[in-house]
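Understanding the architecture of this molecule
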Amino acid sequence: MNITLSADKKIIDKSRQYAKERGTSLNSIIRNYLKKISGENDREANADEFARLAATKAGCSSPGFKFDRSSIHDRGD
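Residues numbered from 1 in each chain as written. Predicted model: local features only at pLDDT ≥ 70, side-chain atom pairs only at ≥ 80, totals over all residues. Heavy atoms only, no water.

All right, on to the packing of helix α2 (residues 26–38) against helix α3 (residues 40–57) then. Between α2 and α3, the least distance of the axes is 4 Å, while the angle of their chain directions is 85°. In this view, α2 runs roughly perpendicular relative to α3, as classed from their interaxial angle. Judged by residue contacts, Asn32, Lys35, Lys36 and Ser38 of α2 engage Glu40, Asn41, Arg43 and Glu44 from α3. Broken down by class, the residue content of the contact of α2 with α3 amounts to no nonpolar, three polar and five charged. (Axes fitted to C-alpha atoms, helices over the stretch in contact; angles between N-to-C directions. Helix = DSSP H or I, 4+ residues; strand = E, 2+ residues; numbered from the N terminus. Parallel < 35°, antiparallel > 145°, perpendicular 65-115°, else oblique. Contact = heavy atoms within 4.5 Å. Nonpolar A, V, L, I, M, F, W, Y, C, P; charged D, E, K, R; others polar.)

This paragraph deals with the pattern of salt bridges. On inspection of all chains with the given rule, the structure shows four salt bridges. Salt-bridge contacts for Asp13 lead to Lys9; the nearest nitrogen and oxygen are separated by 2.9 Å. Note that Asp13 and Lys9 are positioned in helix α1 (residues 9–21) at a spacing of four residues, about one turn of the helix. With a relative accessible area of 36%, Asp13 lands in the partly exposed category. Looking at Lys9, the relative accessible area reads 59%, which means it is exposed. Glu49 serves as the salt-bridge partner of Arg52, at 2.9 Å between the closest nitrogen and oxygen. Taken as a pair, Arg52 and Glu49 lie in helix α3 at a separation of three residues, close to a single helical turn. Relative accessible area serves as the criterion here: at 42%, Arg52 is assigned to the partly exposed category. (Salt bridge = Lys/Arg side-chain N within 4 Å of Asp/Glu carboxyl O. Buried < 20%, exposed > 50% of the residue type's maximum accessible area, 1.4 Å probe, protein only.)

Below, the structure is given as structure tokens:
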């Protein structure tokens, strides 16, 4: 989806320079900011963390851990 924003030319020029110094584009900076304020980054970060944990921890249990079917239902009450 495309949007149109209005801003002072000086602000846009300085912002483009800022982006260029960081090896990105003004469009990318604005897109990332919109993701951040909309909570989209949180979902992406959570998905990335889940993928990382699944890749590094899947099938791993603490030393000495024994599966106990009744512990599945234990709520610690």
